[in-house]
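Fold and contact review
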Amino acid sequence: MEIEFILRWVHIIGACILLGTGAGIAFFMVMAHRTRNPVLIAHTAGIVVIADYIFTASAVIVQPITGLWLAHLVGWPLTENWLLISIGLYILVGVFWLPVVWIQAKLSKLARQAAADNAALPDQYFKLYRIWFACGVPAFFAVLTIVWLMVARPQFTLF
């Protein structure tokens, strides 16, 4: 089997994992949050953190490796505007994703403590949830844009 085909396939699978896991995690976190049930939130957030470590982190590592290797193999200069924007957005997603993973773990801990104390969720939980949500929205749309750029490879000039 041709190496270019394998790289494209792995790169596409990585993009699907990033997009799918991101959407799934967001959906389950929002649905759990809406219940205001500390037990359910703690459980969901705990699973979400594991999913991020297993799936998202793996794809985050594989994507630049396969992308750069593929660009080199195919002969796409990294100065192509669609590639520059994709790489910039990828870095932006990482800037948002790192705090999101930490926040998810903290939300789980706060919810576990509230459940153990048979108490309502603390104000800190709601503050962190708002930050989590605010980071997730631009990151999700950035991933959507990256996927579009990878598929369309539009030719345009930035300057």
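Residues numbered from 1 in each chain as written. Predicted model: local features only at pLDDT ≥ 70, side-chain atom pairs only at ≥ 80, totals over all residues. Heavy atoms only, no water.

**Things to note about the overall build of the protein**
Each helix and strand in the protein was counted, giving four helices and zero strands. Overall, the protein shows an N-to-C arrangement of helices and strands of α-α-α-α. Looking at the protein as a whole, 33% of its 159 residues qualify as buried. When contacts within the protein are restricted to residue pairs at least 6 apart in sequence, long-range pairs at least 24 apart make up 80% of them. (Helix = DSSP H or I, 4+ residues; strand = E, 2+ residues; numbered from the N terminus. Buried < 20%, exposed > 50% of the residue type's maximum accessible area, 1.4 Å probe, protein only. Contact = heavy atoms within 4.5 Å.)

**Things to note about the nonpolar core**
Among the nonpolar cores identified, the biggest contains 20 residues, and M29, I41, L107, L121, Y125 and W132 are the most heavily contacted of them. What Y125 contacts, discounting residues up to four positions off in sequence, is H33, I41, L107 and L110. (Core = buried A, V, L, I, M, F, W, Y, C linked by side-chain atoms within 4.5 Å.)

**Some points on the packing of helix α3 (residues 81-116) against helix α4 (residues 123-152)**
Axis separation between α3 and α4 bottoms out at 8 Å; the angle between their running directions is 155°. Relative to α4, α3 is oriented roughly antiparallel. Our pair here, α3 against α4, has a crossing hand that is left-handed. (Axes fitted to C-alpha atoms, helices over the stretch in contact; angles between N-to-C directions. Parallel < 35°, antiparallel > 145°, perpendicular 65-115°, else oblique. Left-handed = near helix turned anticlockwise from the far one by under 90°.)

**Some remarks on the packing of helix α1 (residues 3-35) against α4**
Between α1 and α4, whose axes approach to 10 Å, the crossing angle comes to 155°. Taken together, the axis directions place α1 and α4 in an arrangement best described as roughly antiparallel. Crossing of α1 over α4 shows left-handed handedness. Judged by residue contacts, H11, A15, L19, A23, I25, A26, M29, V30 and H33 of α1 engage Y125, F126, Y129, W132, F133, F140, V143, L144, V147 and M150 from α4. Here the residues of the contact of α1 with α4 are counted per class, giving 17 nonpolar, two polar and no charged. (Nonpolar A, V, L, I, M, F, W, Y, C, P; charged D, E, K, R; others polar.)

**Quick word on the pattern of salt bridges**
Across all of its chains, the model carries one salt bridge by this definition. In this structure, R8 and E4 form a salt bridge, with 2.9 Å as the shortest nitrogen-oxygen distance. Of this pair, R8 and E4 both sit in helix α1, four residues apart, which is roughly one turn of that helix. Accessibility expressed as a relative area gives 22% for E4, which makes it partly exposed. (Salt bridge = Lys/Arg side-chain N within 4 Å of Asp/Glu carboxyl O.)

**Notes on α1**
With 33 residues, α1 extends 48 Å between its outermost C-alpha atoms, agreeing within 8% with the 48 Å of an ideal straight helix rising 1.5 Å per residue. Within α1 the residues assigned to the buried category are L7, H11, G14, L18, T21, I25, M29, A32 and H33. If you follow the buried residues of α1, they end up packed against α2 (38-74), α3 and α4. Where α1 terminates, the next one or two residues include R36, which has phi positive at roughly 60°. (Expected span 1.5 Å × (residues − 1).)

**Side note on the packing of aromatic side chains**
Within the structure shown, the criterion is met by seven aromatic pairs. Ring geometry for F140 and F141: centres 5.8 Å apart, planes at 75°, overall edge-to-face. According to the relative accessible area criterion, F140 is partly exposed, its value standing at 30%. The structure contains a cluster of three or more aromatic residues connected by ring pairs, namely Y125, F126, Y129, W132 and F133. (Phe/Tyr/Trp six-rings, centres within 6.5 Å; stacked < 30°, edge-to-face > 60°.)

The quantities given are spatial measurements derived from coordinates; they are silent on function.
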